[in-house]
Amino acid sequence: MSSIKLNINGKEIKLPVIKGTENEHGINITQLRKETGYITLDPGYANTGACVSNITFIDGEKGILRYRGYPIEQLAGKVSFTDTAFLLLNGEFPNISEKNYFSKKLRQHANIHEDMKRFFDGFPLNAHPMATLSSMVTALSAFHPESESEDEEIIELNIIKILAKVKTIAAYSYRKFNGLPFIYPDQELNYVENFLHMMFSDSQEEFHADPVLVDALNLLLILHADHEQNCSTSTVRLAGSSKSNVFGAISSGISALWGPLHGGANQAVIEMLKKIRNDNSDYKKYVQMAKDKKSSFRLMGFGHRVYKNYDPRAKIIKSAADKVLQKLKINDPLLDIAKELEQIALEDEYFVQRGLYPNVDFYSGIIYRAMGIPTNMFTVMFALGRLPGWLAHWKEMLNSPDFKINRPRQIYNGHKKRNLK
Ligand code: CMC
């Protein structure tokens, strides 16, 4: 193992260098404070690796994303979301018997406790579905008290329960908001069909999900399934590192995802595009505002901490948006506005210099809209997709030989000691 020498105040220490399988390098500073008394300071963690992980690889400069080694382009639209979830959780795609077992369990655990249905009555009708989702996922732990167990079988079962039940909760929050009766999950349907069934079935009639919607949703969920140490995944790891139960850890991730700088950007993008449309499609004005340092406005769906190149997910979603809208015979003026805005921004020096490209949230809302999913549900859809990633990271963290409660330090800059007079 190579190392880097660091000289602090005349004292030289050797810090080991960690090398990843894709040749990424990191300096292991675990002994730094003990040996020198110094800590590192990295607000926003832009230079800080919090863990070693085998799940997802991103090269932001080249626009590469791989789950367990598989390029996202080879997965999106070519495999199922549940197979992708299994891959992220277990490292390999399932064989036939694993696939059957996983699918059977996901179907078996899709119902939530009957008493939980009454919780929906306690939320105001205009509650944001992310608030409902996060609360209901924490509440699941009350109905599954074995969630504290460290038994491997129970851990695996809890992972399945979360994957299976969260989509039911998501669909029920939509039904409640729209004054519609809850539709029970159907054991005959696969994961994506079941979600669409619970969202859009008419209780009086048999429901057949449109294959165009099934394929589109499958694609979007896969594209959202993991993205290494993003804000919500890091939150899940941080909360889970206290050995809090898994439902609580996932609920923390949901809350972190909600913000407009993260998953909430998909809702913010559509709201921004509507605003531009109502403002005579004056794109230039909005690009100008995004560049103006005195304005707090940012081009939503643009920019990324890691990608300094086109987000590979955005590329896939952009082309899928065209196809889905065409197949559904929908002409959405917001798609044209989004494309124009992208064109103007990509030719602008400000965006070019900073490597700001459309991210995963820029075009996804256009597809959700076409599917009939309301804008305030977009981030819930992101959460559904991200569940396997959160769970895979939570499991990896608990099994890591480096496992420790996550507890950053700080540089205190407040009052020095003072006494009450
Ligand atoms: N519009 C205008 N300027 C921007 C934007 C934007 N969307 N994004 C970054 N910049 C500028 C920023 O002002 C800064 O300029 P300067 O160097 O002159 O100070 C420079 O680009 C670097 O930005 P940063 O804020 O230091 O970058 P960051 O890595 O801390 O933030 C980000 C990343 C995603 C929060 C940010 O790009 C942003 O706010 N984007 C809009 C919200 C968004 O679309 N979020 C979804 C992210 S992708 C999916 C997900 O994670 O959920």
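Moving on to the site of the ligand. Taken together, 22 residues lie around the ligand, and His 262, Arg 298, Leu 299, Gly 301 and Arg 305 are the ones closest in. In this structure, His 262 approaches the ligand through a side-chain N or O atom, which is 2.7 Å from an oxygen atom. Between the ligand and the protein, one listed contact pairs an oxygen atom with a side-chain N or O atom of Arg 354 at 2.9 Å. For the ligand, whose accessible area on its own is 930 Å², the fraction buried by protein is 76%. Listed by contribution, the elements that provide at least two residues to the shell around the ligand are α16 (349–354) and α17 (360–371). Of the residues belonging to the shell around the ligand, the class tally is 11 nonpolar, six polar and five charged.

So, on to helix α18 (residues 378–399). Its 22 residues give α18 an end-to-end C-alpha distance of 32 Å, which sits within 8% of 32 Å, the value for a rise of 1.5 Å per residue. At Arg 386, α18 shows its strongest bend, of approximately 45°, with the proline Pro 388 following within four residues. Burial within α18 is extensive, with 20 of its 22 residues counted as buried.

Where helix α13 (residues 283–291) contacts helix α15 (residues 333–346), the two axes come as close as 10 Å, and the packing angle between them is 50°. As summarised for this structure, α13 and α15 are arranged oblique, according to the angle between their axes. Crossing of α13 against α15: the hand is right-handed. On the side of α13, the interface is formed by Tyr 283, Lys 284 and Val 287, while α15 contributes Ile 337, Glu 340, Leu 341 and Ile 344. Counted by class, the contact of α13 with α15 contains five nonpolar, no polar and two charged residues.

Conventions used here
Residues numbered from 1 in each chain as written. Predicted model: local features only at pLDDT ≥ 70, side-chain atom pairs only at ≥ 80, totals over all residues. Heavy atoms only, no water. Near = heavy atom within 4 Å. Polar contact = N/O pair within 3.5 Å; in protein donor to acceptor, adjacent residues only side chain to side chain. Areas by Shrake-Rupley, 256 points an atom, 1.4 Å probe, with all protein chains shown as cover. Helix = DSSP H or I, 4+ residues; strand = E, 2+ residues; numbered from the N terminus. Nonpolar A, V, L, I, M, F, W, Y, C, P; charged D, E, K, R; others polar. Expected span 1.5 Å × (residues − 1). Bend = angle between axes of the 7 residues up to and from the residue. Buried < 20%, exposed > 50% of the residue type's maximum accessible area, 1.4 Å probe, protein only. Axes fitted to C-alpha atoms, helices over the stretch in contact; angles between N-to-C directions. Parallel < 35°, antiparallel > 145°, perpendicular 65-115°, else oblique. Left-handed = near helix turned anticlockwise from the far one by under 90°. Contact = heavy atoms within 4.5 Å.

Honestly, that's just the spatial picture; any functional story needs more than this.
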